[in-house]
Amino acid sequence: MASSNNAIAPALLFDEESESSVTNVIVHPLVLMHVLDHHTRRQEAPGRVIGTLLGRRVDGTTVEVTNCFAVPHAERGEEVAIGKDFNKRMLSLYMRSNRRESVVGWYAS
């Protein structure tokens, strides 16, 4: 078991120097269901939901989104603060079960 001091850094799937850009995105149905469920169960006060999308780059132009998780946040006026520590911990837990997945994006409503 790894110590809690070891941080898992997600692999960067995209960089500015990449010659190819993503033109295809495959979103698994489970991801859509998670996002819809998150939005349906939200509290009315915050109004929006925010989460992390996980997946992998299939080839030079295709990204596959295979999983996601909700991220708690707080809003004050136009500012939004996300639960950075929660996000890191959840990513660490997901990486234990599937090392092939990494952060491919975020969702917000």
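For the structure itself, consult the block above.
All values derive from a computational prediction rather than experimental measurement.

Undergrad: Tell me what's going on with the sheet that holds strand β2 (residues 50-57), and back it up with residues and numbers.
TA: Ordered in space as β1-β3-β2-β6, the four strands form an open sheet in which the pairing is mixed. Sheet topology places β1 (24-27) and β6 (102-108) at the edges, where each strand pairs with a single neighbour. Taking each pair of neighbouring strands and ignoring which way they run, the sheet shows an average axis angle of 35°. Pairing geometry for β2 and β6, over six bridges, is antiparallel. Within the sheet, the bridge partner assigned to threonine 52 lies in β6 and is tryptophan 106. Where helix α1 (residues 29-40) meets the sheet, it contacts β1, β2, β3 (62-70) and β6, and its direction lies at approximately 35° from that of β3.

Undergrad: Provide a residue-level description of helix α2 (residues 84-97), including the pertinent values.
TA: Its 14 residues give α2 an end-to-end C-alpha distance of 21 Å, which sits within 8% of 20 Å, the value for a rise of 1.5 Å per residue. Buried-residue contacts for α2 involve β2, β3 and β6.

Scoring rules and cut-offs
- Positions within a chain are numbered from 1, following the residues in the order the chain's sequence is written.
- Confidence filtering applies because this is a predicted model: local features only for residues at pLDDT of at least 70, side-chain atom pairs given and counted only at 80 or more, and all residues used for totals across whole chains, interfaces and linings.
- Where side-chain values are given, they derive from all heavy atoms of the structure, hydrogens and water being excluded.
- Only when DSSP finds a minimum of two bridges between them are two strands counted as paired.
- Under the DSSP-based scheme used, a helix requires at least four consecutive residues in state H or I and a strand at least two consecutive residues in state E, with every element numbered from the N terminus.
- Here an axis means a line fitted to C-alpha atoms, over the contact stretch when the element is a helix, while the angle between two N-to-C directions is reported on a 0 to 180 degree scale.
- Whether two residues touch is decided by their heavy atoms; if any such pair falls within 4.5 Å, the residues are in contact.
- The span expected for a helix works out to 1.5 Å for each residue beyond the first.

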